[in-house]
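Coordinates in review
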Amino acid sequence: MQRGSDRLSAHRDDEMKHELKGLLRSGHPTRVEEWHDPEPAADDDPEVWSGPVGGLGAPASLERVRTELARALSRASFPATARDLARTLRRKNAPGGLVDAVGELPHSARYENVQQLAEALAGGA
């Protein structure tokens, strides 16, 4: 039962779904005008990383490490060695501290998912 309290008509709702379809499917901005997109961090911005994923001097927690890893790595990245994962993180422009921390893990170890990698980085916390 429709009560007429919708802010938008069904037609406008369908238009908005169509406008967002490309963004939702691609996973990245699809606009031609760059001024719509958020500006990336500059090279001279202050570094806020401490350890692999800390912030402002805080020790890295398992959740924070896992979140940062999940931003750059997909399920297709696993299983892989630390060397392969560091290469993937570098290619996806992950924060330098995170790339360095993954690169320092034992090269022979294989990680099946983000959770295992995060546990290794956070020291099993």
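None of these values were measured; they are calculated from a predicted model. (Residues numbered from 1 in each chain as written. Predicted model: local features only at pLDDT ≥ 70, side-chain atom pairs only at ≥ 80, totals over all residues. Heavy atoms only, no water.)

**Some details on the overall build of the protein chain**
Secondary structure summary: the protein chain contains 5 helices and 2 strands in total. Reading the protein chain from its N terminus to its C terminus gives the helix and strand order α-α-β-α-α-β-α. If you take every contact in the protein chain between residues at least 6 apart in sequence, the share linking residues at least 24 apart comes to 49%. Carbon and sulfur atoms form 50% of the exposed surface of the protein chain, whose accessible area is close to 9500 Å². (Helix = DSSP H or I, 4+ residues; strand = E, 2+ residues; numbered from the N terminus. Contact = heavy atoms within 4.5 Å. Areas by Shrake-Rupley, 256 points an atom, 1.4 Å probe, with all protein chains shown as cover.)

**Topic: the nonpolar core**
Ranked by internal contacts, the top residues of the largest apolar core, which has 23 residues, are L69, L85, L89, L117 and L121. Those elements that place two or more of their residues in this core are α2 (62–72), α3 (82–91), α4 (96–103) and α5 (114–121). Discounting chain neighbours no more than four positions away, the residues touching L69 are L89, L98, V102, V114, L117, A118 and L121. (Core = buried A, V, L, I, M, F, W, Y, C linked by side-chain atoms within 4.5 Å. Buried < 20%, exposed > 50% of the residue type's maximum accessible area, 1.4 Å probe, protein only.)

**A few points about α3**
Along α3, the positions that sit buried rather than exposed are A82, L85, A86, T88 and L89. Viewed end-on, α3 has its buried residues packed into an arc of 160°, placing them on one side of the element. Of the residues in α3, the exposed ones pointing more than 90 degrees away from the buried face are R90 and R91. Looking at the packing, one finds that the buried side of α3 touches α2, β1 (80–81), α4, β2 (110–111) and α5. Just past α3, the residue N93 takes up positive phi, approximately 60°. (Arc of directions from axis to C-beta.)

**Observations regarding the confidence of the model for the protein chain**
For the protein chain, mean pLDDT is 77; residues scoring 70 or higher make up 67% of the total. Averaged pLDDT values for the elements of the protein chain fall to 79 in helix α1 (residues 10–26) and rise to 93 in β2. (pLDDT = per-residue confidence, 0-100.)

**A short note on the pattern of salt bridges**
Side chains carrying opposite charge are able to pair once their charged atoms draw close together. The tally for this structure, following the rule as stated, stands at 5 salt bridges. Taking the shortest distance from any N to any O, the salt bridge between E68 and R71 comes out at 2.8 Å. Pair noted here: E68 and R71 are both in helix α2, with a separation of 3 residues, about one helical turn. E68 sits in the buried class, given a relative accessible area of 12%. (Salt bridge = Lys/Arg side-chain N within 4 Å of Asp/Glu carboxyl O.)

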